[in-house]
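# Inside the fold
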Amino acid sequence: MLASLGARVISIDKAPLDPRIAAMPGVEMRRESAFGLDPRSAAVPAVDWLCSDVICYPARLLGLVQRWLATGKARRFVCSVKFQRETDFAVIDAFKAIPGSRLMHLSANKHELTWVKL
Ligand SMILES: C[S@@+](CC[C@H](N)C(=O)[O-])C[C@H]1O[C@@H](n2cnc3c(N)ncnc32)[C@H](O)[C@@H]1O
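Let us look at the structure shown here. (Residues numbered from 1 in each chain as written. Predicted model: local features only at pLDDT ≥ 70, side-chain atom pairs only at ≥ 80, totals over all residues. Heavy atoms only, no water.)

## Things to note about the site of the ligand
Note the following rule: Whether a residue is near a molecule or strand depends on its heavy atoms: it is near if one of them lies within 4 Å of it. We get accessible surface area from the Shrake-Rupley algorithm with a probe of 1.4 Å; when it comes to residues, only the shown protein chains can shield them. The pocket and cavity definitions rest on a 1 Å grid over protein atoms only: a 1.4 Å probe that fits but cannot leave marks a cavity, an open set with protein on both sides within 12 Å along at least five of seven lines marks a pocket, and residues lining either have an atom within 4 Å of a point. In this scheme, a molecule is assigned to a cavity or pocket if more than half of its atoms are within 2 Å of the grid points. The classification used treats Ala, Val, Leu, Ile, Met, Phe, Trp, Tyr, Cys and Pro as nonpolar, Asp, Glu, Lys and Arg as charged, and all other residues, Gly among them, as polar. Where each domain begins and ends follows an automated or database-derived domain assignment.
Taken together, Ile-12, Asp-13, Lys-14, Ala-15, Glu-32, Ser-33, Ala-34, Phe-35, Asp-53, Val-54 and Ile-55 make up the full set of residues adjacent to the ligand. Calculation on the ligand without its partners gives an accessible area of 600 Å², and the protein chains cover 57% of this total. More than half of the atoms of the ligand fall within 2 Å of the grid points belonging to the largest pocket. When the residues that make up the shell around the ligand are grouped by side-chain class, the tally is 6 nonpolar, 1 polar and 4 charged. A domain split of the shell around the ligand shows at least three residues from each of domain 1 (1–32) and domain 2 (43–117).

Shown next, in the form of structure tokens:
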């Protein structure tokens, strides 16, 4: 979807991408953990959009977002915050407290919320 809009996409996923998507122009695939990336590293480029649909505990996603926010290397964020059985209200509050951001339950969201900072 992002690549079809003409974006240059860096896909970070431990699993392989569908080969048809990996072959699209502008798509770079990195088989690694999103949590192993250190945005402070010179090897990690600044991005216009950081989009995450990674399955993880909400607190872990919050930590990742905070690391990227601290560097200023991502201009905008769209992240799904996925809950396990329990809804983590403390993490919801922490996401809501990030200035200039919104947390929403969109029609495609099940036991998850979408956090955006535009
Ligand atoms: C819900 S799926 C994403 C589905 C995707 N939005 C789509 O439409 O095809 C979650 C993805 O997170 C990846 N994932 C899980 N742990 C990860 C990690 N630590 N780092 C990067 N990707 C991870 C999984 O391999 C999986 O592809």
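## Some points on the nonpolar core
Among soluble globular proteins, nonpolar side chains are generally buried collectively. Test applied: Remark: nonpolar core denotes a set of buried residues (Ala, Val, Leu, Ile, Met, Phe, Trp, Tyr, Cys) joined through side-chain atoms within 4.5 Å. Residue burial is assigned from relative accessible area. The probe radius is 1.4 Å, only protein chains are included, and a residue is buried under 20% of its type maximum, exposed over 50%, and partly exposed in between. In this text, helices come from DSSP runs of H or I with a minimum length of four residues, and strands from runs of E with a minimum of two, each type numbered from the N-terminal end. Any pair of residues with heavy atoms lying within 4.5 Å of one another is described as a contacting pair.
Within the largest apolar cluster, 21 residues are counted, with the highest numbers of intra-cluster contacts made by Val-65, Trp-68, Phe-77, Phe-95 and Trp-115. A per-element tally of this core places helix H2 (residues 58–71) first, with 5 residues. When near neighbours in sequence (up to four residues on either side) are disregarded, Phe-77 contacts Leu-50, Val-65, Trp-68, Leu-69, Trp-115, Val-116, Lys-117 and Leu-118.

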